[in-house]
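Letter by letter, the chains look like this.
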Amino acid sequence: MPIATVNPANGETLKTYEAMGEEEIERRLQLAEATFRTYRTTTFVDRGRLLIQAANLLDTDQEDIARVMTTEMGKPIKQARAEAAKCAKAMRWYAERAEGLLADEEPADSDVKDSGASRVRVRYRPLGPVLAVMPWNFPLWQVMRFAAPALMAGNVGLLKHSSNVPQTALYIEDLFHRAGYTEGCFQTLLIGAGQVDDILRDERVKAATLTGSEPAGRAVASTAGEMIKKTVLELGGSDPYVVMPSADIDRAAQIAVTARVQNNGQSCIAAKRFIVHTDVYDAFADRFVEGMKALVVGDPMLDETDVGPLSSEQGRTDLEELVDDAERSGATVLCGGHRLRRPELPGWYYPPTVLADITREMRIHREEAFGPVATLYRASDLDEAVLIANDSPFGLSSNVWTRDEAEVDRFVRDLEAGSVYVNGMTASHPAFPFGGVKRSGFGRELSGHGIREFCNITTVWQGA
């Protein structure tokens, strides 16, 4: 894939970039290693001051970077602005809390005495340069939720961003430079996917984090495993959205629309499989389909647009193939289901779509639909709802709608997912750990768990 900005709203190539050569990559690796030796000794106060300055600059830049993101990957402009604001919030959250999250821990006095020590501490120390391989769908947020905790922990960052968002990638490096960070603290590597393996094998790179596809995760995890390097992976998701009879059906259906089409449906944590108890299935389906039909599909630069184009022509083709396969296998198309053909929308648009009568043989039952396509399932009881929800190779997040606390307890106990959101849609927040199980990856981002992922957890034992 070329490193280029291609506007998905019209297919126009706006800017292209040459991939960095071996000499430039080597220069940047040397710079990262050298910078880390000094940056690791800075105080939390100094790191926090820099990160808050970066957050302030991001607030000032919000409209400009929002337009860049929308141009590069097609998200509605109002969502792009919200993404920038969310990043600044997370940066301030870590700037203010990192010192407490990484404070020395002291075991119980009895355990210290039993070990023969006069004092024992557990200290969190930075690892070094961390390689981040990031996706295009939240081109600012995915990076910042790694960069903020990594920098506050004393690590330095190397970013390999998706090849279709180069302007966003370069903006992030520039943002940190303008905030006062030393040049080597955070560097964007304009490289192709084929160059990642060699960089990950370099001894100066101490760890890696990847958010992206399952094949990309396998490749990075394989190399990191061979090199004995720590990784965090956040991969695909096909999140269930379960609706039980006690739920507020109107509210559940309203939120379901947003949960499915956020970011044009291109979100790992978007609800994708809607599992509804048979007693309320028809009422929910009617309201949900009505809401999906009412969405405004159009130019993502307009505030009134709810759904913009998919990020690439290939992405739309992949989505079409899933829908076509389901329809050929007996699925019922309740709305959408076919490529939009409107002369005023020449880009890679696909309409909000709802499919019913899904069976296990359909590809869309086991593969992630990355676009505004929802699948509806009917469950006879709670047990069947759990079975359908867990019948997926993914386990990122989940949504449950019920007012019955016993049902809540059952879902929390039995759903195979990294998160369970009750009577609301999944959303990431800097205070809460984020990540999944099964083929959705391993490790956690955000919260104290996220900042400790790339730390050397050191036991300090002192004798009498």
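Further up the page is the structure itself.
Presented here is an overview of the structure given in this document. (Residues numbered from 1 in each chain as written. Predicted model: local features only at pLDDT ≥ 70, side-chain atom pairs only at ≥ 80, totals over all residues. Heavy atoms only, no water.)

1. Describing the overall build of the chain
Secondary structure assignment for the chain yields 16 helices and 19 strands. Relative to a compact globule of 464 residues, whose C-alpha radius of gyration would be 23 Å, the chain shows 23 Å and is just as compact. Counting only residues that meet the buried cut, the chain has 56% of its 464 residues in that class. A fraction of 73% describes how many contacts in the chain between residues 6 or more apart in sequence connect residues 24 or more apart. Summing over all exposed atoms, the chain offers an accessible surface of approximately 18800 Å²; the carbon and sulfur share of this is 49%. Placing the 51 positive and 67 negative side-chain charges of the chain at their respective mean positions leaves the two points 3 Å apart. (Helix = DSSP H or I, 4+ residues; strand = E, 2+ residues; numbered from the N terminus. Rg over C-alpha atoms; globule rule 2.2 N^0.38 Å. Buried < 20%, exposed > 50% of the residue type's maximum accessible area, 1.4 Å probe, protein only. Contact = heavy atoms within 4.5 Å. Areas by Shrake-Rupley, 256 points an atom, 1.4 Å probe, with all protein chains shown as cover. Lys, Arg positive; Asp, Glu negative; His and termini not counted. Charge placed at Lys NZ, Arg CZ, Asp CG, Glu CD.)

2. A closer look at unusual backbone geometry
One non-glycine residue, Asn-263, lies in positive phi territory at about 60°. By the element assignment, Asn-263 lies in the loop between α10 (249-261) and β10 (271-277). Residue Asp-357 is not a glycine yet carries a positive backbone phi of 60°.

3. A short note on the packing of aromatic side chains
Think of a pair of aromatic rings as described by two things: how far the centres are apart, and how the planes are tilted against each other in angle. The full count for this structure, using the stated rule, is 9 aromatic pairs. Centre to centre, the rings of Phe-176 and Tyr-181 are 5.3 Å apart; their planes meet at 85°, and the pair counts as edge-to-face. Residues Phe-176 and Tyr-181 agree in their burial class; the two are buried. On the basis of an interplanar angle of 25° and a centroid distance of 5.5 Å, the ring pair of Phe-284 and Phe-288 is categorised as stacked. Note that Phe-284 and Phe-288 are positioned in helix α11 (residues 281-293) at a spacing of 4 residues, about one turn of the helix. The class of Phe-288 is buried, set by a relative accessible area of 0%. Geometry around Phe-44 places Arg-47 over its ring, the cationic atom sitting 5.0 Å from the centre. (Phe/Tyr/Trp six-rings, centres within 6.5 Å; stacked < 30°, edge-to-face > 60°. Lys NZ or Arg CZ within 6 Å of the ring centre and 35° of its normal.)

4. Describing the sheet that holds strand β12 (residues 353-356)
Across the sheet, 7 strands lie side by side as β11-β12-β13-β10-β9-β15-β16; this open sheet has mixed pairing. Both edges of this open sheet fall to β11 (332-335) and β16 (421-422), since each of them pairs with a single strand only. As judged from the 3 bridges shared by β12 and strand β13 (residues 373-379), these two strands associate in the parallel manner. The residue of β13 that forms the bridge with Thr-353 is Val-373. Across the sheet, helix α14 (residues 382-390) lies against β9 (239-243), β10 and β13, angled at about 145° from β13, the strand it touches most. (Pairing = 2+ DSSP bridges. Axes fitted to C-alpha atoms, helices over the stretch in contact; angles between N-to-C directions.)

5. Concerning the pattern of salt bridges
Overall, the coordinates contain 37 salt bridges when judged by the stated rule. Residue Arg-201 is joined to Asp-197 by a salt bridge in which the shortest nitrogen-to-oxygen separation is 2.6 Å. You can see Arg-201 and its partner Asp-197 sitting in helix α8 (residues 196-201), 4 residues apart, about one turn around the helix. The exposure class of Arg-201 is partly exposed, given its relative accessible area of 28%. Residue Asp-197 is classed as partly exposed on the basis of its relative accessible area of 29%. For Glu-214, the salt bridge identified is with Arg-218, shortest N-O distance 2.6 Å. One end of the pair, Glu-214, and the other, Arg-218, are both in helix α9 (residues 214-227), 4 residues apart, so they sit about a helical turn from each other. Since its relative accessible area comes to 18%, Glu-214 is described here as buried. (Salt bridge = Lys/Arg side-chain N within 4 Å of Asp/Glu carboxyl O.)

6. Section: the packing of helix α2 (residues 44-60) against helix α4 (residues 77-101)
Close contact between α2 and α4 brings their axes to 9 Å; oriented N to C, the two are set at 165°. One finds that α2 runs roughly antiparallel with respect to α4. Every pair of crossing elements has a handedness; the one defined by α2 and α4 is left-handed. In this structure, α2 uses Phe-44, Gly-48, Leu-51, Ile-52, Ala-54, Ala-55, Asn-56, Leu-58 and Asp-59 to contact α4, whose residues at the interface are Ala-84, Cys-87, Ala-88, Met-91, Arg-92, Tyr-94, Ala-95, Ala-98 and Glu-99. The class makeup of the residues in the contact of α2 with α4 is 13 nonpolar, 2 polar and 3 charged. (Parallel < 35°, antiparallel > 145°, perpendicular 65-115°, else oblique. Left-handed = near helix turned anticlockwise from the far one by under 90°. Nonpolar A, V, L, I, M, F, W, Y, C, P; charged D, E, K, R; others polar.)

7. Some points on the side chain of Asn-263
Accessibility expressed as a relative area gives 1% for Asn-263, which makes it buried. Looking at Asn-263, its side chain comes within polar contact range of the main-chain oxygen of Asn-137, at 2.9 Å. Those residues in contact with Asn-263 that lie beyond four places of it in its chain are Met-73, Lys-75, Gln-79, Asn-137 and Phe-138. (Polar contact = N/O pair within 3.5 Å; in protein donor to acceptor, adjacent residues only side chain to side chain.)

8. Side note on the side chain of Arg-316
With respect to the secondary-structure elements, Arg-316 resides in helix α12 (residues 313-328). Although Arg-316 is buried, it forms no salt bridge, and the closest oppositely charged side chain is Glu-320 at an N-O distance of 4.7 Å. Within the structure, Arg-316 has its side chain in polar contact with the backbone oxygen of Tyr-349 (distance 3.4 Å).

9. Examining the sheet that holds strand β18 (residues 441-442)
Taking strand neighbours across the sheet as the criterion, the 6 strands line up as β6-β5-β4-β7-β8-β18 in an open arrangement whose pairing is mixed. Each edge of the open sheet is held by one strand with a lone partner, namely β6 (186-188) and β18. In this sheet, strand β8 (residues 230-234) lies alongside strand β7 (residues 207-211) in parallel orientation, the contact comprising 5 bridges. What sits directly across from Ala-208, in β8, is Thr-231.

10. Topic: the packing of helix α3 (residues 62-73) against α4
Direction vectors running N to C along α3 and α4 enclose 125°, while the axes themselves pass 8 Å from each other. The angle between α3 and α4 falls in the class oblique. Every pair of crossing elements has a handedness; the one defined by α3 and α4 is right-handed. Of α4, the residues touching α3 (which contributes Gln-62, Glu-63, Ile-65, Ala-66, Arg-67, Met-69 and Thr-70) are Ile-77, Ala-80, Arg-81, Glu-83, Ala-84 and Ala-85.

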